[in-house]
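# Structural description and commentary
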Amino acid sequence: MKEVQGPTPAGTSRPYRSLQEALRAHRIDPSNHAFITAIVEEIGISSFIDRGRYIEAIRRGEGAPLHIGRTYTNGFTEDERLVVGSAPLRLQPSEGRAPYFYVSHPSEFIPLTPPRAAKRTTTPRVSAPRAEKAPKPVEERDYGVCDVCFMVKTPSGGCGCD
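So, here is what we can say about the structure in this document. (Residues numbered from 1 in each chain as written. Predicted model: local features only at pLDDT ≥ 70, side-chain atom pairs only at ≥ 80, totals over all residues. Heavy atoms only, no water.)

### Here we look at the pairing of strand β5 (residues 72–76)
Taking burial as the measure, the five residues of β5 include four buried ones, the bulk of the element. Judged from the two bridges that link them, strand β4 (residues 66–68) and β5 form a sheet pairing that is antiparallel. Residue pairing across strands places His-67 opposite Asn-74, the latter belonging to β5. Hairpin connection of β4 to β5: three residues between the antiparallel strands. (Buried < 20%, exposed > 50% of the residue type's maximum accessible area, 1.4 Å probe, protein only. Helix = DSSP H or I, 4+ residues; strand = E, 2+ residues; numbered from the N terminus. Pairing = 2+ DSSP bridges.)

Below you can see the structure in the form of structure tokens.
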């Protein structure tokens, strides 16, 4: 009998009701959902189990379960031929799970940063020079006129003849 439940790094595992629930729980990039769904439908999967770092997809027939990670799906045999869309998948040998093969998800081939827009060829913007504040007009004060020399008195009240 196949054991559906198995250990995870946390010591627990839980089955998922659907592939979409499993993909959301593992925060797999939405651009990969259609690709993974096509693989799962072609292989024929009976259940999905949380294994911590990946989703284990148990096959209906004979064969190893698939491990669906964030960037890959692993567990194919060398002679399996999968066609997604109109292109056959290019299977690569698994390093950590020999003798099985894996396929990378499409998000691995999409550039992470969007291409930058071409730089503008216009002249650079220059801010207008700041207008100087107009000086505050000084009120002229009348300090009076000297009675002796007729000169204007200083603010201290003196004049030139003192």
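### So, the packing of aromatic side chains
How two aromatic rings sit relative to each other is given by the distance of their centres and the angle of their planes. For the structure on display, the rule yields zero aromatic pairs. Arg-97 extends its terminal NZ or CZ atom over the ring of Tyr-100, reaching a point 4.9 Å from the ring centre. (Phe/Tyr/Trp six-rings, centres within 6.5 Å; stacked < 30°, edge-to-face > 60°. Lys NZ or Arg CZ within 6 Å of the ring centre and 35° of its normal.)

### Concerning the pattern of salt bridges
One pass over the structure, following the stated rule, counts three salt bridges. Notably, a salt bridge pairs Glu-21 with Arg-14, separated by 3.8 Å at the nearest N-O pair. Residues Arg-51 and Glu-56 are paired through a salt bridge, measuring 2.6 Å at the closest nitrogen-oxygen approach. Residues Arg-51 and Glu-56 agree in their burial class; the two are buried. (Salt bridge = Lys/Arg side-chain N within 4 Å of Asp/Glu carboxyl O.)

Any functional reading would require information that these geometric values do not contain.
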